[in-house]
Amino acid sequence: MAGRWMDLGMFNAHGVPGADALGAAIEHMVTGIASPVDTDRGLTARLRYLTKTDAGYEAMDRAGIHVAPRTLIAWLAEERTPNKANRTRLDAAYWDLRRRNVATDLKHRLNNDGRGTRVEINPVDQSGVERKHQRDVASRSINVRGVWDRAVDAWLDEDLQELDAIWDQIIEDIGSEYDAYSNVSSIGWAA
């Protein structure tokens, strides 16, 4: 990771590593069932989504849901309600499957037919830093191309090291000031 901000916070600056912000921004693009899993509507919707395909059953397995088929059928028929631990696992399985299902769409949207995506990078928050220690770092807007497939795959695999390498590649396009953006307050885009 690039970084003049190795002691971020030493003078009360606030921010996160760019790789974390990149992962959070991709995560923010994933939408799904709004009703919580502890409501009838939310639980039913998650169960239906998870039991439609083999991938849903694989997601439940990854989340640690190991129940007898008759128990799952009873959940689907709303004859029984999963305990709190299984509802938490069902929610985790739902979001895992949702991420996997939207990954291809995210790549397509971010690549934008090779045109890439315009990314706004907001530098660390220096509002709590004494004037003499503040750095002059402005928000930047750059067009990012050629990294989105790798970025989505790294986000999906929760590979922070790869996201960090991708972030370094992105900020190198800023020029000589790139190192000032190794930590940021946020990033965003409209894709």
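For the structure, check the block above.
Everything numeric in this text was worked out from a predicted model, so none of it was measured.

## Structural notes on the packing of aromatic side chains
- If you walk through the whole model with that rule in mind, you get three aromatic pairs.
- Between Tyr49 and Tyr94, the aromatic rings sit 5.1 Å apart at their centres with planes inclined by 65°, giving edge-to-face as the arrangement. Of this pair, Tyr49 sits in helix α2 (residues 40-50) while Tyr94 sits in helix α5 (residues 84-111), placing them 45 residues apart in sequence.
- For Tyr94, a relative accessible area of 2% corresponds to the buried category.
- Judged by centre distance (5.2 Å) and plane angle (70°), the rings of Trp148 and Trp189 are edge-to-face. On the criterion of sequence distance, the pair formed by Trp148 in helix α6 (residues 148-156) and Trp189 in strand β4 (residues 183-189) is long-range, its members being 41 residues apart. Here Trp148 matches Trp189 in class, with each residue buried.
- These aromatic residues form a ring-pair network of at least three members: Tyr49, Tyr94 and Trp95.
- Across the ring face of Tyr94, the terminal group of Arg46 is positioned such that the distance to the ring centre comes to 5.3 Å.

## Describing unusual backbone geometry
- For Glu78, which is not glycine, the phi dihedral falls at a positive 60°.
- Mapped onto the elements, Glu78 comes out in the loop between α4 (69-76) and α5.
- The backbone of Glu158 shows a phi angle near 55°, a positive value even though the residue is not glycine.
- Summarising the element assignment, Glu158 is placed in the loop between α6 and α7 (160-172).

## A look at the sheet that holds strand β2 (residues 117-123)
- Strand order in the open sheet formed by four strands is β1-β4-β2-β3, with antiparallel pairing between adjacent strands. Lying at the two open borders of the sheet, with one neighbouring strand each, are β1 (16-17) and β3 (140-144).
- Pairing of β1 with β4, which is carried by two bridges, proceeds in the antiparallel orientation. For Val16, the partnering residue across the bridge sits in β4 and is Val184.

## Notes on the layout of surface pockets
- Considering only enclosed or pocket space, the largest pocket measures out at about 190 Å³ in volume.
- Lining the largest pocket, in full, are Gly23, Glu27, Asp96, Arg99, Arg100, Trp155, Leu156, Glu158, Asp159, Leu160 and Leu163.
- When contributions to the lining of the largest pocket are tallied by element, the ones reaching two or more residues are α1 (18-28), α5, α6 and α7.
- Top contributing element to the lining of the largest pocket by residue count: α5, with three residues.

## Here we look at the side chain of Asn86
- Assignment of secondary structure puts Asn86 in helix α5.
- Accessibility expressed as a relative area gives 11% for Asn86, which makes it buried.
- Reaching out from Asn86, the side chain makes a polar contact with the side chain of Arg89 at a distance of 2.9 Å.
- When sequence neighbours within four positions are dropped, the list of residues in contact with Asn86 reads Ile65, Val67 and Trp75.

## A look at the nonpolar core
- Core analysis: the biggest nonpolar cluster contains 48 residues, and Leu22, Ile121, Ile187 and Trp189 have the highest contact counts within it.
- Considering each element in turn, this core owes the most residues, nine residues, to α5.
- Once residues within four sequence positions are removed from consideration, Leu22 is found in contact with Trp148, Ala151, Leu163, Ile166, Trp167, Ile170, Ile187 and Trp189.

## Describing the side chain of Thr44
- When you line up the elements, Thr44 lands in helix α2.
- Here Thr44 falls in the buried class, since its relative accessible area comes to 13%.
- A polar atom in the side chain of Thr44 sits 2.8 Å from the backbone oxygen of Asp40.

## With respect to the pattern of salt bridges
- Across all of its chains, the model carries seven salt bridges by this definition.
- Between Asp91 and Arg46 there is a salt bridge whose closest N-O contact spans 2.7 Å. Note that Asp91 is positioned in helix α5 and Arg46 in helix α2, a separation of 45 residues in sequence.
- By relative accessible area, Asp91 is classed as partly exposed at 22%.
- Its relative accessible area of 3% is what places Arg46 among the buried residues.

How each quantity is defined
Residues numbered from 1 in each chain as written. Predicted model: local features only at pLDDT ≥ 70, side-chain atom pairs only at ≥ 80, totals over all residues. Heavy atoms only, no water. Phe/Tyr/Trp six-rings, centres within 6.5 Å; stacked < 30°, edge-to-face > 60°. Helix = DSSP H or I, 4+ residues; strand = E, 2+ residues; numbered from the N terminus. Buried < 20%, exposed > 50% of the residue type's maximum accessible area, 1.4 Å probe, protein only. Lys NZ or Arg CZ within 6 Å of the ring centre and 35° of its normal. Pairing = 2+ DSSP bridges. 1 Å grid on protein atoms, 1.4 Å probe; cavity = no way out; pocket = protein on both sides within 12 Å on 5 of 7 lines; lining within 4 Å. Points joined across faces, edges and corners; volume = space filled by probe spheres on them. Polar contact = N/O pair within 3.5 Å; in protein donor to acceptor, adjacent residues only side chain to side chain. Contact = heavy atoms within 4.5 Å. Core = buried A, V, L, I, M, F, W, Y, C linked by side-chain atoms within 4.5 Å. Salt bridge = Lys/Arg side-chain N within 4 Å of Asp/Glu carboxyl O.

On their own, these measurements won't tell you what the molecule is for.
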